[in-house]
Every structure is written in structure tokens, then in C-alpha cells.
Amino acid sequence: MKSAVETLNPTRVRLTVEVPFEELKPSLDAAYKKINQQVTVPGFRKGKIPARVIDQRFGRAAVLEEAVNDALPRFYTQAVDESKLDVLGQPDIDGLEGVEKIADGGDLKFTAEVDIRPEITLPDYSAIEVEVDPIAVSDEDVEESLNQLRDRFASLKTVERAAAEGDVVVVDLEAKVDGEVPEDGTATGVSYEIGSGRLLDGIDEALTGLEAGGTATFTTELKGGSAEGKDSEVTVSLTTVQEKELPALDDEFAQLASEFDTLEELKDDSRKRLVRMKEFDQATQAQERVLDKLMELIEMPYPEKLLADELETRKHNLEHHQLPQMGIDLDGYLKLQGKTAEEFETELLEQAQKGIKTQFVLDAIASKEELAVNQEELTEHLLRRAAGSGMTPDQFAQQVVEGGQVPLLVGEVVRGKALAVVVESAKVVDTNGEVVDFEDDEDEDEIVEAAAETVAEVTGTTEA
């Protein structure tokens, strides 16, 4: 076999492949053998039909088509390997010549156009500088954390007064759409905390100042049910007002709500936990800003077909998955965002370009740094993705395997490790001028996993 490569542009090539008959003959023989096993000719045993009879009865074209379908992928792959091309997607096969002459000892010639990964020149990671928020936990932060814990152990006392923010009320609801009550338009005995924002827009204002036995009417957009997304006139009837009684903040509470014996021990633990959360948030912020800076330092052409496919995928996911869950269509989304169709298309293009560029750049770094993913890292990533999907780990793993998405998860982890390498090399300082060093962080695994999630968010693979 002979092959030649013509560069059409920095991200696309044309392969010209010539295959002599000697190398094609195994495919031709295999084609006759396959047809032999599939057809029946009177006077001949199955599998023993001569080639000339198959040509006469079924036509040589069927045999040649079978032979070419077997040969093309094999010789295309061989040409790609010999030329050391890093191809993207499926090729466009064209210029197929000599098919009708194969059975007579002729050669086969074809051309294939395919996208390739662009060459990327990586910058010096240590030249990247970013600024992040400092880690600061105040006494007020600790107090708020403790109050949230107290709230979980609060008791409720029925009171005879007007409802106020923070009260837990019991209400009956009736919704009318165009003057009619839908089949699922009523609810009774609903418990709701005023100010939580967990029910309907406008209900907090309607309930505030209302006493038990009172009613109020307000207009809102329904968030669920058969009339989801429609404007409705809702009547709320308040039956009970309950006041929260928080436990005293003392040693007894510490023993009730934790494994600690004293309030001071609980406070110390709360402060340490808040510091760890701030450290994790700081690491995530550093990853995002380092990634943005890295992208700014690299110029890269985009494979046209890959970019078009990525745009189509992102638009499809938005229109057929995300927006239906929100109960709106694309026009409603544009109105909600205050964007024109042109602005939406521009934003979508920028997101697609950033996603592709992020993958290619981090893949190049992973290759340079010889990064790999072990089974433990892949399992940890799968567990985190499963938790975010709402499925059990077994369900998520089954979906991943059946969908052929294991390489996708491996790619997310290895790109996360590549980003972590860049962050460790970059200069990261907080707004107080203090240098932030992640190289010796005890939670390195969590930081790498956070980087993988950051990359997945940018590249769009969270929709997988």
C-alpha cells in the first residue's frame, strides 16, 4: 500500500491511498466466502459455490461492494498510522477508483479527508499569575454556622399572632388558570417556612401579616403540575402559625448536636470546617482563573467539522434537555436572558470554542507530563458524578458502560490532573498579597477531582 498526505489547512488533511491487488485479495476472498455462507444455489452445497457462479447469479458488483467495505477501513487506518496523524472523527471518503477492476487483478485507489488535532505550543506554566480571594473565617461566620445547626434542632410552637418571616405555617392552596382550577390545582395541609423561597413566587408577601383563618390571593407562575409555566391566580388559606424555638447555645446543645462535650469544642470544629471549605473554594477559584489565563496565552485553529458538531450538540442539549426541565422553549429562554438570537449564537460559539480548546490544550499537557489515570481515581470520579446525577453509583456506572462513555470519564480525570499541574506551577496570590501554594496540599485528591469537575463544566461533558 502507498499513501500520501496533503495538508488542506492546519486542522484538515487529505489522504491519497493506493492498494495493490495482492493486498486486496484477502478482502475479495472474504467477500466470496461470506456470500457463499448466505446464499443457496441449486446443485451446489452451501459454502461450495464457485466464484464464477456467484458472479453470474448475484452479480459481481455485490461481491466488490462487500470486499471494498471490508478493505477501506483497514487501509485507511493503516495509512493514518503510517502517517502518524492524530485524526478527529470519521473521514469523508471520496475519489474511489478501480473498484470494478479488483476481481481482474486491478488496484484500488481512494482519497479520505479528515480533521486532525492542531499543533499546540504550550507556554511556560510558571509565567502564569492569578489573584484569588483570601481564606478568612470570622466570628460572625462561625456564629452563622452554629445558628444553622441550631435551626435543624429547632422545635415548633403554635402561636396566635400574624405570620412573619421565619415562621413555619400550614396552608391550603388553590390555583386557577384562566378562571379554571386544574385537576391538580389544589393542595391541603402544606407546611412552609416563610422566607425560604421553596414554594411559589409571591407567597411570602401574601402570608406575611396574615393570621390563622385568613386568606390571600396573588398571581404567580406555576412551578410544577399539569399547568407548569402558566400564570395562575393562587388563593392561600392559612390554618396554623408556628414559631421556631431554637435550643440554647451551650454545652448541652453541643452534646446533642455533635460528638463534642463542650460548646467551645464545637465552635473550634466549626471554624476548622469553614476553613477547609474556604480552602477548597480558593483552590477551585484558582483553577478557573489559571485555566482562563492559560487559554489566553495560546492561539489555536479550530477544526471546522468538529466545531460545527460541538455547536449542534450544545444547542441540542439546551433545547431538548435543559430548557424542557425549566418549562420554557428557546424563545422563552432568550427573553429570560434578555438576549437576541444573534447574541445567543455568538455566546454559544464562544462556549464551544472554549470547550474544544480546553480539551486540546489539557490533552497536550497530559501528554507532555505523561499523566495517566488509575482505577482508584476513575472510581472516585465516577462516584462523584453519580452523586451529581441523582443516580446510584451502580446505575450511573451501567449507563456509562452501556453508552461507551468510560473514555469520556477518563478524559475528564486526566485533564483535571493536567490542570492541577499547571496550577501548582503558576503563581497564585490572594488579594492580601500572600502567595498560595497548592503543591503540598493534604487534600490533593480532592483538588484534582475539583479540577476534573471544573474542566467537565467548561468542556460540556457534564451533559454526557
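Residues numbered from 1 in each chain as written. Predicted model: local features only at pLDDT ≥ 70, side-chain atom pairs only at ≥ 80, totals over all residues. Heavy atoms only, no water.

When helices and strands are counted, the protein shows 14 helices and 12 strands. Taken over C-alpha atoms, the radius of gyration comes to 32 Å for the protein, far larger than the 23 Å a tight globule of 464 residues would show. Burial analysis of the protein (464 residues in total) assigns 38% to the buried set. Here the protein displays about 26,500 Å² of accessible surface, and carbon together with sulfur accounts for 46% of that area. Computed over 47 positive and 103 negative side-chain charges, the inter-centroid distance for the protein is 10 Å. (Helix = DSSP H or I, 4+ residues; strand = E, 2+ residues; numbered from the N terminus. Rg over C-alpha atoms; globule rule 2.2 N^0.38 Å. Buried < 20%, exposed > 50% of the residue type's maximum accessible area, 1.4 Å probe, protein only. Areas by Shrake-Rupley, 256 points an atom, 1.4 Å probe, with all protein chains shown as cover. Lys, Arg positive; Asp, Glu negative; His and termini not counted. Charge placed at Lys NZ, Arg CZ, Asp CG, Glu CD.)

With that out of the way, let us pick up the nonpolar core. Buried together is how nonpolar side chains tend to be arranged in soluble globular proteins. Among the nonpolar cores identified, the biggest contains 37 residues, and Val 290, Leu 294, Val 361, Leu 362, Ile 365, Val 428 and Phe 438 are the most heavily contacted of them. Mapped onto this core, the elements with two or more residues apiece are β5 (129–132), α7 (263–296), α10 (341–369), α13 (406–425) and α14 (444–459). Ranked by the residues each element gives to this core, the list is headed by α10, at 7 residues. Among residues more than four places away in sequence, those in contact with Val 428 are Val 130, Val 132, Ala 286, Val 290, Val 423, Glu 434, Val 435, Val 436 and Phe 438. Val 169, Ile 194, Phe 218 and Leu 222 belong to the second largest nonpolar core, which has 23 residues in total. (Core = buried A, V, L, I, M, F, W, Y, C linked by side-chain atoms within 4.5 Å. Contact = heavy atoms within 4.5 Å.)

A few words on helix α4 (residues 139–152). Relative to the 20 Å expected for 14 residues at 1.5 Å per residue, α4 spans 20 Å between its end C-alpha atoms, a close match to the ideal helical length. Within α4, the full set of buried residues consists of Val 142, Ser 145, Leu 146, Leu 149 and Arg 150. Relative to the axis of α4, the buried residues are bounded by an arc of 145° and lie together on one face. (Expected span 1.5 Å × (residues − 1). Arc of directions from axis to C-beta.)

Moving on to the pattern of salt bridges. For the structure shown, the criterion picks out 25 salt bridges. A salt bridge links Glu 113 to Arg 12; the shortest N-O distance between them is 3.4 Å. With Glu 113 in strand β4 (residues 108–116) and Arg 12 in strand β2 (residues 12–19), this pair connects stretches of sequence that are 101 residues apart. In this structure, Asp 70 engages Arg 74 in a salt bridge whose closest nitrogen and oxygen atoms are separated by 3.5 Å. Of this pair, Asp 70 and Arg 74 are both found in helix α3 (residues 60–83), 4 residues apart, which corresponds to roughly one turn of the helix. Residue class for Asp 70 comes out partly exposed when judged on its relative accessible area of 36%. (Salt bridge = Lys/Arg side-chain N within 4 Å of Asp/Glu carboxyl O.)

Residues that lie three or four places apart on an α-helix share one face, since the helix turns once every 3.6 residues. Looking only at helix α9 (residues 330–337), the buried set comprises Leu 330, Tyr 333 and Leu 334. In a view along the axis of α9, the buried residues occupy a sector of 100°, so they form one face of it. Among the exposed residues of α9, those oriented more than 90 degrees off its buried face are Asp 331, Lys 335 and Leu 336. On its buried face, α9 sits against α8 (304–326) and α10. One side-chain oxygen of the residue at the start of α9 lies 3.3 Å from the amide nitrogen of Asp 331, identifying that residue as Asp 329. (Polar contact = N/O pair within 3.5 Å; in protein donor to acceptor, adjacent residues only side chain to side chain.)

Mean pLDDT over the protein stands at 88; residues scoring 70 or higher make up 95%. Predicted confidence in the protein is weakest over helix α2 (residues 51–58), with a mean pLDDT of 70, and strongest over β5, with 96. (pLDDT = per-residue confidence, 0-100.)

Let us now look at the sheet that holds strand β11 (residues 427–430). The strand order across the open sheet built from 3 strands is β5-β11-β12, with neighbouring strands paired in mixed fashion. Strand pairing shows two members of the sheet lacking a second neighbour, β5 and β12 (435–436), which therefore form its edges. Note: β5 against β11, 4 bridges, orientation parallel. Residue Glu 129 lies in a different strand from β11, and its bridge partner there is Lys 427. Packing of α7 onto the sheet brings it into contact with β5, β11 and β12, and relative to β5 it is tilted by some 145°. (Pairing = 2+ DSSP bridges. Axes fitted to C-alpha atoms, helices over the stretch in contact; angles between N-to-C directions.)

A surface patch of negative charge is lined by Asp 250, Asp 251, Glu 252, Asp 261, Glu 265 and Asp 268. Checked against the element boundaries, Asp 251 lands in helix α6 (residues 251–257). Given a relative accessible area of 37%, Asp 251 falls into the partly exposed group. (Patch = residues over 30% accessible without salt bridge, like charges linked within 9 Å, V, L, I, M, F, W, Y side chains within 5 Å.)

Looking now at the pairing of β4. Taking burial as the measure, the 9 residues of β4 include 7 buried ones, the bulk of the element. Note that β2 and β4 share 8 bridges and pair antiparallel. Among the inter-strand pairings, Val 19 is bridged to a residue of β4, identified as Leu 108. Two strands pair when backbone bridges link them, and strand β3 (residues 87–97) and β4 are joined in this way by 6 bridges, in the antiparallel orientation. Residue pairing for β4: Val 87 is matched across the bridge by Ile 116.

A few words now on unusual backbone geometry. For Lys 84, which is not glycine, the phi torsion reads 55° and is therefore positive. Locating Lys 84 in the fold gives a position in the loop between α3 and β3. On the accessibility criterion, Lys 84 (76% relative accessible area) is exposed. One non-glycine residue, Asp 178, lies in the positive phi region at around 55°. Looking at the element boundaries, Asp 178 is found in the loop between β7 (168–176) and β8 (186–193). For Asp 178, a relative accessible area of 76% gives the class exposed.

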